[in-house]
Amino acid sequence: MNVPNALLHRRDVVNELLRDRNDLLVVAGLGAPNWDISAAGDSPNNFPLWGAMGAAAMLGFGLAIAQPKRGVLVITGDGEMLMSVGALATIAVQNPPNLTIAVLDNERFGETGMQKTHTAAGVDLAGMAAAAGFKTSRIVRTMSEVTEIRDLAHHGNGPVFAQVKINPEALYFVLPPADGGILTTRFRQSVLGDGSLYN
Amino acid sequence: MADLKKTEPNRNEPVALPTWPDEVYRVLKEADVRQVGMVPDAGHSRLIRAFEADPQARVITLTTEEEGIAMLAGAWLGGERGVLLLQSSGVGNCINMLSLPMICRMPLLMLVTMRGEWGEFNPWQIPMGQGTKAALEAMGVIVTRADEPHLVASTVSGAANLAFNTWRPAAVLIAQRVLGAKNFKELARK
């Protein structure tokens, strides 16, 4: 697992990021990251996106400032993050301490035929996040580095950005509920209590 | 000519300092708005200053308006209410992102200052200004419009109630006539 040149497997990465997750709130970008967090165990504290490409980082940010006492972990893909790369500037300026963004970077648009993304040509997302002002921004290639990101997401002084280089493998889908109303209602009920049902 | 201009009021400018932004601020405070996402517009500047001075609210400058749609979805999931301040040109940037509040039955309140209509000087503002209402309605956003300064606050209040009580996106279009039209040709002469 710790061989630096062997690409990590995405579900190993996600399982480690979510290990002993306790009250961590998790947002997943559309596509494989959605199936990955669901494969690790569906939870009302997950908000898996099925669309709205480019939403993941900013949705996690809005959640993080609304819930400053809880850790918020955004897990998304390189294509999804590239679509909203300006969000890195917006978030870095606001400097939310409880937000971690982990990009599972397979250098591909995985859902549409494995076409190469910009990161395949060397675009350095972690460098862009660092240049925007993220206190911690890393390229991650080993499981021990994933564990460090996991610990930062749970306890760290963020914001944290991680570009996790992973194997471009296509895995079986594990689907969470698809209905946005169900996902929203169960998340709010879990985080805010039964009172949220009564508006 | 220049001297004459100084004494003659420009009929395109509002005569008195507008106070409707202060009323809108009070309406949004009553609605418990905490997150204010914005790409600035001159028409929103007084409201933005009011929120910047408010320790209970957080003003977040966005690089593009659709960031605000996603941010306010996260706010709702975390139990906070917000508002998105934008110009009509920014509505076009939001279209696919509006899927999120629509399909998740989340409230979204958008205050849109209009360009590309009454008194517009810049032809490049016309396409999106004229398409703003249709674009929002195509994505299921409930659109109301304020054409007079004294109607802005009550229109915002109605839209806020609609958004936060029925859990859906609502937009208020603040007419260019309320804001006063710029004239770049006059500015260029100075």
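The structure presented is a predicted model; accordingly, all values stated were derived computationally and were not measured.

S.K.: I keep staring at the nonpolar core and nothing clicks. Help me out?
M.R.: Soluble, globular proteins show a tendency: their nonpolar side chains are buried together. In this structure, Phe47, Ile101 and Phe161 of chain A together with Leu100 and Met110 of chain B are the most contacted members of the largest nonpolar core, which totals 62 residues. The element best represented in this core is helix 3 (residues 56-66) of chain A, accounting for eight residues. When residues no more than four places from it in sequence are discounted, the contact partners of Met110 of chain B are Ile69, Leu84, Leu86, Cys94, Leu98, Leu136, Ala170, Ala171 and Val172 of chain B. The next biggest cluster of nonpolar side chains, apart from the first, holds 32 residues, and it includes Val36, Ala146, Val172 and Ala175 of chain B.

S.K.: Please explain the packing of helix 5 (residues 86-94) of chain A against helix 6 (residues 125-132) of chain A as it appears in this structure.
M.R.: Geometrically, a packed helix pair is captured by the angle between its two axes and the distance between the axes. Residues and elements named next belong to chain A. At a minimum axis distance of 8 Å, the contact between helix 5 and helix 6 shows a crossing angle of 40°. Classed by the angle they form, the pair helix 5 and helix 6 counts as oblique. Once helix 5 is placed against helix 6, the crossing between them reads as right-handed. The residues of helix 6 that touch helix 5, namely those facing Leu88, Ala89 and Ala92, are Leu125, Ala129 and Ala132. Of the residues belonging to the contact of helix 5 with helix 6, the class tally is six nonpolar, no polar and no charged.

S.K.: What is the right way to read the sheet that holds strand 1 (residues 33-38) of chain B from this model?
M.R.: Strand pairing in a sheet takes place through backbone hydrogen bonds and is either antiparallel or parallel in direction. Residue and element names in this part refer to chain B. The six strands are arranged 2-1-3-4-6-5 in an open sheet whose pairing can be described as parallel. For this open sheet the edge positions go to strand 2 (58-61) and strand 5 (142-146), each flanked by a neighbour on one side alone. Here the strands of the sheet are splayed against their neighbours by 20° on average, with no regard to which way each runs. The pairing of strand 4 (residues 108-113) with strand 6 (residues 169-174) spans six bridges and is parallel. Bridging from a neighbouring strand, Leu109 pairs with Ala170 of strand 6.

S.K.: Looking at this structure, I do not really get the environment of Arg10 of chain A. What am I missing?
M.R.: Residue and element names in this part refer to chain A. Assignment of secondary structure puts Arg10 in helix 1 (residues 10-17). A sequence separation of 11 residues divides Arg10 from Arg21, and the C-alpha atoms of the two residues are 17 Å apart. Once residues lying within four places of it in the same chain are set aside, the contact partners of Arg10 are Ala32, Pro33, Asp36, Leu104, Asn106, Ile166, Glu169 and Leu171.

S.K.: I keep staring at the sheet that holds strand 4 (residues 99-105) of chain A and nothing clicks. Help me out?
M.R.: Residues and elements named next belong to chain A. Ordered in space as 2-1-3-4-8-7, the six strands form an open sheet in which the pairing is parallel. For this open sheet the edge positions go to strand 2 (46-48) and strand 7 (136-140), each flanked by a neighbour on one side alone. Looking at each pair of strands side by side, their axes are set apart by 15° on average, direction ignored. Taken together, the six bridges between strand 4 and strand 8 (residues 160-165) define a ladder with parallel strand orientation. Residue pairing in the sheet places Thr100 in a bridge with Val160 of strand 8. Running over the sheet, helix 8 (residues 180-192) touches strand 1 (25-28) and strand 2 and is turned about 160° from strand 2.

S.K.: Where do I start with the pairing of strand 4 of chain B in this structure?
M.R.: Within a regular strand, side chains alternate between the sheet's two faces. All names here are of chain B. A large share of strand 4 lies buried, amounting to six of its six residues. Neither face of strand 4 is left uncovered, since the one carrying Leu108, Met110 and Val112 and the one carrying Leu109, Leu111 and Thr113 both have all their residues buried. Sheet topology note: the strand 3 (residues 81-87)/strand 4 ladder contains four bridges and is parallel. Paired with Leu85 across the two strands is Leu111, which belongs to strand 4.

S.K.: It is not clear to me how helix 8 (residues 152-166) of chain B should be interpreted in this structure. Could you clarify?
M.R.: Residue pairs spaced three or four apart in an α-helix point in one direction, given the helix's 3.6 residues per turn. All names here are of chain B. When the terminal C-alpha atoms of helix 8 are compared, their 21 Å separation across 15 residues agrees well with the 21 Å that a helix rising 1.5 Å per residue should span. Among the residues of helix 8, those classed as buried are Val152, Ala153, Thr155, Val156, Ala159, Ala160, Ala163 and Phe164. For helix 8, the arc enclosing every buried residue in end-on projection is 160°, short of the 170-degree limit, so these residues lie on one face. Those residues of helix 8 that are buried are in contact with helix 2 (20-30), strand 3, strand 4, strand 5, strand 6 and helix 9 (176-179). Just downstream of helix 8 lies Trp167, where phi reads positive at about 55°.

S.K.: Could you clarify how one ought to interpret the pairing of strand 5 of chain B in this entry?
M.R.: All names here are of chain B. Taken together, the five bridges between strand 5 and strand 6 define a ladder with parallel strand orientation. Its bridge partner lying in strand 6, Thr144 is registered against Val172. With helix 8 bridging strand 5 and its parallel neighbour strand 6, the resulting β-α-β unit is right-handed.

S.K.: Help me understand the interface of chain B and chain A, please; the structure alone is not making it clear to me.
M.R.: Interfaces are often sized by the amount of accessible area the parts lose when they come together. Facing the 28 residues of chain B at the interface are 29 residues of chain A. Approximately 2,200 Å² of surface area, both sides summed, lies buried where chain B meets chain A, with 61% of it carried by carbon and sulfur atoms. On the chain B side of the interface with chain A, the three residues burying the most area are Arg58, Leu77 and Trp167 of chain B, jointly 26% of the side's total. Arg105 of chain B serves as the salt-bridge partner of Asp179 of chain A, at 3.9 Å between the closest nitrogen and oxygen.

Parameters at a glance
- Residues numbered from 1 in each chain as written.
- Chains lettered and ligands numbered in written order.
- Predicted model: local features only at pLDDT ≥ 70, side-chain atom pairs only at ≥ 80, totals over all residues.
- Heavy atoms only, no water.
- Core = buried A, V, L, I, M, F, W, Y, C linked by side-chain atoms within 4.5 Å.
- Buried < 20%, exposed > 50% of the residue type's maximum accessible area, 1.4 Å probe, protein only.
- Helix = DSSP H or I, 4+ residues; strand = E, 2+ residues; numbered from the N terminus.
- Contact = heavy atoms within 4.5 Å.
- Axes fitted to C-alpha atoms, helices over the stretch in contact; angles between N-to-C directions.
- Parallel < 35°, antiparallel > 145°, perpendicular 65-115°, else oblique.
- Left-handed = near helix turned anticlockwise from the far one by under 90°.
- Nonpolar A, V, L, I, M, F, W, Y, C, P; charged D, E, K, R; others polar.
- Pairing = 2+ DSSP bridges.
- Expected span 1.5 Å × (residues − 1).
- Arc of directions from axis to C-beta.
- Right-handed = clockwise from strand over helix to strand, strands pointing away.
- Buried area = accessible area lost by both parts, 1.4 Å probe.
- Salt bridge = Lys/Arg side-chain N within 4 Å of Asp/Glu carboxyl O.

The quantities given are spatial measurements derived from coordinates; they are silent on function.
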